[in-house]
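As a plain string of letters, each chain reads:
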Amino acid sequence: MERNKIDERSDMDLLKAYAEGESSAFDVLYNRHQQRLYNYVFSMVKDKTLTCDIVQETFIKADQTLRAGIYRDEGKFIQWVMRIAHNLVIDYFRKNQKLRLVHSTEENDIFDLVDSVDESAETTIIRKQIHSDVRKLIKKLPDEQRRVLVMRHYADMSFKEIAEKTGVSINTALGRMRYALINIRKLAEENSIILTM
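This structure is a prediction, so every number in the text was calculated from the model and none was measured. (Residues numbered from 1 in each chain as written. Predicted model: local features only at pLDDT ≥ 70, side-chain atom pairs only at ≥ 80, totals over all residues. Heavy atoms only, no water.)

1. Details of the overall build of the protein chain
Alright, step 1. Counting its secondary structure elements, the protein chain contains nine helices and zero strands.
Alright, step 2. Traced from its N-terminal end to its C-terminal end, the protein chain shows the element sequence α-α-α-α-α-α-α-α-α.
Alright, step 3. Out of the 197 residues in the protein chain, the part that is buried amounts to 38%.
Alright, step 4. Counting contacts in the protein chain only where the partners sit at least 6 residues apart, residues at least 24 apart contribute 57% of the total.
Alright, step 5. Accessible surface computed for the protein chain: about 12,300 Å², of which carbon and sulfur atoms make up 48%. (Helix = DSSP H or I, 4+ residues; strand = E, 2+ residues; numbered from the N terminus. Buried < 20%, exposed > 50% of the residue type's maximum accessible area, 1.4 Å probe, protein only. Contact = heavy atoms within 4.5 Å. Areas by Shrake-Rupley, 256 points an atom, 1.4 Å probe, with all protein chains shown as cover.)

Put into structure tokens, the structure is as follows:
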């Protein structure tokens, strides 16, 4: 009877109970969401053993966060643990593939991240994460640098066209692009973002 009562409580009630020392509340959360999380992770990694490991690590990280009292309620519990799992999958693929660090030069830059060959599911996930990270970094650039970078890589404009559009010399446009790439690398390091593929 008592077990049924705890099983019927909402995730938020269980999280609150766990924070107040009711250890069985976390077990209920685990049992309630473990299969959905397993299915989500397996859809990405296609390996049962690896999926089990990632699911376990996800709940360990969730438990550590809750025990440390640093969990911030920013949505549903399941969405939170799925974000943790997603990040663990990305970390796994990054560590276990032969990845190359992208260094910007005049011949290549951070946008030369993806080979034109057919991609595996892992590569697709990593590529999407990298592009998402790059977009976040671009938003942090000074306006002039961001504008040149966007024109060059998203509008595919030549430096001559960029110079004409922005009313500066070609050398200034090139300089802004150079500083944009330098700043993106710096921001990536400061935010522990790995621009690898």
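2. Describing the packing of aromatic side chains
Alright, step 1. The tally for this structure, following the rule as stated, stands at six aromatic pairs.
Alright, step 2. Both rings, one in Tyr30 and one in Phe59, keep their centres 4.7 Å apart while their planes meet at 70°; by these two values the pair is edge-to-face. In this pair, Tyr30 sits in helix 3 (residues 24-45) while Phe59 sits in helix 4 (residues 48-68), placing the two residues 29 residues apart along the sequence.
Alright, step 3. In this structure Phe59 comes out as buried when scored by relative accessible area, which is 3%.
Alright, step 4. Clustering of aromatic rings is evident, with ring pairs tying together Tyr18, Phe26, Tyr30 and Phe59.
Alright, step 5. Just above the ring of Tyr179 sits the side chain of Arg178; from NZ or CZ to the centre is 5.3 Å. (Phe/Tyr/Trp six-rings, centres within 6.5 Å; stacked < 30°, edge-to-face > 60°. Lys NZ or Arg CZ within 6 Å of the ring centre and 35° of its normal.)

3. Some points on the pattern of salt bridges
Alright, step 1. One pass over the structure, following the stated rule, counts five salt bridges.
Alright, step 2. The salt bridge partner of Arg146 is Asp143, with a shortest N-O separation of 2.4 Å. One end of the pair is Arg146 and the other is Asp143, both in helix 7 (residues 143-153) and three residues apart, which spans about a single turn.
Alright, step 3. Residue classification places Asp143 among the exposed residues on the basis of a relative accessible area of 55%. (Salt bridge = Lys/Arg side-chain N within 4 Å of Asp/Glu carboxyl O.)

4. Focus: the side chain of Thr51
Alright, step 1. Tracing the backbone through its elements, the reader meets Thr51 in helix 4.
Alright, step 2. Within the structure, Thr51 has its side chain in polar contact with the backbone oxygen of Asp47 (distance 2.6 Å).
Alright, step 3. In this view, Thr51 contacts Tyr38, Val41, Phe42 and Val45; residues no more than four positions away in its chain are not counted. (Polar contact = N/O pair within 3.5 Å; in protein donor to acceptor, adjacent residues only side chain to side chain.)

5. So, the environment of Thr51
Alright, step 1. Judged by its relative accessible area of 0%, Thr51 is buried.
Alright, step 2. Distance in space between the C-alpha atoms of Thr51 and Asn39 is 8.5 Å, their sequence separation being 12 residues.

6. Overview of helix 7
Alright, step 1. Buried residues of helix 7: Gln145, Val148, Leu149 and Met151, and no others. Relative to the axis of helix 7, the buried residues are bounded by an arc of 165° and lie together on one face. (Arc of directions from axis to C-beta.)

7. Points about the nonpolar core
Alright, step 1. The biggest cluster of nonpolar side chains holds 51 residues, and the ones touching the most others in it are Val45, Trp80 and Leu149.
Alright, step 2. If you list the elements that add at least two residues to this core, you get helix 2 (11-19), helix 3, helix 4, helix 5 (77-96), helix 6 (121-139), helix 7, helix 8 (159-166) and helix 9 (170-190).
Alright, step 3. Among the elements that make up this core, the one with the highest residue count is helix 5 (11 residues). (Core = buried A, V, L, I, M, F, W, Y, C linked by side-chain atoms within 4.5 Å.)

8. Observations concerning the confidence of the model for the protein chain
Alright, step 1. On average, the protein chain scores 79 in pLDDT, and the residues at 70 or more come to 80%.
Alright, step 2. Across the protein chain, helix 3 holds the top mean pLDDT of 90, while helix 1 (residues 2-8) sits lowest at 62.
Alright, step 3. Here residues 112-118 is a poorly scored stretch, pLDDT under 50, and it has 11 contacts once near neighbours within four places are set aside; other chains count. (pLDDT = per-residue confidence, 0-100.)

9. Concerning unusual backbone geometry
Alright, step 1. Positive phi, normally seen in glycine, also occurs at Lys46, with a value near 55°.
Alright, step 2. Judged by its relative accessible area of 55%, Lys46 is exposed.

10. Considerations on the packing of helix 2 against helix 3
Alright, step 1. In the contact formed by helix 2 and helix 3, the axes pass within 8 Å of each other and the chain directions differ by 145°. Classified by chirality, the crossing of helix 3 by helix 2 is left-handed. Here Asp11, Leu14, Leu15, Ala17 and Tyr18 of helix 2 come into contact with helix 3, specifically with Ala25, Phe26, Val28, Leu29, Arg32 and His33. (Axes fitted to C-alpha atoms, helices over the stretch in contact; angles between N-to-C directions. Left-handed = near helix turned anticlockwise from the far one by under 90°.)

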